[in-house]
Amino acid sequence: MDGEAITGLLAQARTGEPERLSAVFEQLYPELRRLAASRLSGGDHTVTPTVLVHELYLRATTGEPLSVTDRHHFFAAAAKAMRWILVDHARRRYSEKRGGGQIAVTLTEGLPMEVASEQVLALHEGLEALGEIHQRQREVVELHYFAGLEFAEIAELLGISTRTARREWERARAFLYAMLDAP
């Protein structure tokens, strides 16, 4: 299904036809599952890609209507929701370890694609601190790391240039590296 068809289904879902959102999930399920699998690979996660996508579906279809406008916006919202699901899971799993030493997360050229469950909380805290200082840099990280969008797609979605999106990524990455590396 092409982007225009997805946009049409999302518009119908916003105007009172929530079953259209189910159709969007059905059409994009393989991509969502691939995205979830890439975010969970290599860690000690007890959440599987299928569970993550299904939890995303439940959160998106219950409660307030999802107000996304197009395919890119849908994936941005899905990435943010996946992040929160993983953070919630990590909080539940490691609640007994709160107050312990800080967890070091090494940031290489990109953010680590294989983040262990306990590192999700450290990354989340870093993103929360970054959002307090510079919201757009946080959005760039969420879109690039969690949604897997390329810089050109991020630029289009945020209404900035590709160069600015890359620059915001570099600054955010430096901030997160400094914050997560600090004792």
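Residues numbered from 1 in each chain as written. Predicted model: local features only at pLDDT ≥ 70, side-chain atom pairs only at ≥ 80, totals over all residues. Heavy atoms only, no water.

### Some points on the environment of Leu28
- Checked against the element boundaries, Leu28 lands in helix H2 (residues 19–40).
- For Leu28 and Phe75, which are 47 residues apart along the polypeptide, the C-alpha to C-alpha distance reads 9.5 Å.
- Discounting chain neighbours no more than four positions away, the residues touching Leu28 are Ile6, Arg71, Phe74 and Phe75. (Helix = DSSP H or I, 4+ residues; strand = E, 2+ residues; numbered from the N terminus. Contact = heavy atoms within 4.5 Å.)

### Observations regarding the layout of surface pockets
- Counted as a void, the second largest pocket has a volume near 230 Å³.
- Top contributing element to the lining of the second largest pocket by residue count: H2, with four residues.
- Per-class residue counts for the lining of the second largest pocket are four nonpolar, three polar and four charged. (1 Å grid on protein atoms, 1.4 Å probe; cavity = no way out; pocket = protein on both sides within 12 Å on 5 of 7 lines; lining within 4 Å. Points joined across faces, edges and corners; volume = space filled by probe spheres on them. Nonpolar A, V, L, I, M, F, W, Y, C, P; charged D, E, K, R; others polar.)

### Brief notes about the packing of helix H6 (residues 135–146) against helix H8 (residues 162–181)
- At a minimum axis distance of 8 Å, the contact between H6 and H8 shows a crossing angle of 95 degrees. As the angle between them shows, H6 and H8 are arranged roughly perpendicular. For the pair H6 and H8, contact is made by Arg136, Gln137, Val140, Val141, His144 and Tyr145 and by Thr164, Ala165, Glu168, Trp169, Arg171, Ala172 and Leu176, respectively.
- The residue makeup of the contact of H6 with H8, split by class, is seven nonpolar, three polar and three charged. (Axes fitted to C-alpha atoms, helices over the stretch in contact; angles between N-to-C directions. Parallel < 35°, antiparallel > 145°, perpendicular 65-115°, else oblique.)

### As for the packing of helix H3 (residues 49–61) against helix H4 (residues 71–93)
- Between H3 and H4, the shortest axis-to-axis distance is 10 Å and the interhelical angle comes to 110 degrees. Considering their axes alone, H3 and H4 lie roughly perpendicular with respect to each other. Crossing hand, H3 versus H4: right-handed. Residues Leu52, Val53, Glu55, Leu56 and Arg59 of H3 touch H4, and the partners they reach there are Ala78, Ala81, Met82, Trp84, Ile85, Leu86 and Asp88. (Left-handed = near helix turned anticlockwise from the far one by under 90°.)

### Structural notes on the packing of aromatic side chains
- Under the counting rule described, the total for this entry stands at four aromatic pairs.
- Relative to Tyr57, the ring of Phe25 has its centre 5.1 Å away and its plane inclined at 85 degrees; by these criteria the two rings are edge-to-face. Of the two residues, Phe25 is situated in helix H2 and Tyr57 in helix H3; the sequence distance between them amounts to 32 residues.
- Owing to a relative accessible area of 5%, Phe25 belongs among the buried residues under this scheme.
- Consider the rings of Phe74 and Phe75, whose centres lie 5.8 Å apart with planes at 85 degrees: the pair is edge-to-face.
- A relative accessible area of 7% means that Phe75 is categorised as buried.
- An aromatic cluster is defined as three or more aromatic residues linked by ring pairs; in this entry it consists of Phe25, Tyr57, Phe74 and Phe75.
- A cation over an aromatic ring shows up here: Arg83 above the ring of Trp84, its NZ or CZ 5.3 Å from the ring centre. (Phe/Tyr/Trp six-rings, centres within 6.5 Å; stacked < 30°, edge-to-face > 60°. Buried < 20%, exposed > 50% of the residue type's maximum accessible area, 1.4 Å probe, protein only. Lys NZ or Arg CZ within 6 Å of the ring centre and 35° of its normal.)

Everything listed here is a matter of geometry and, on its own, says nothing about what the molecule does.
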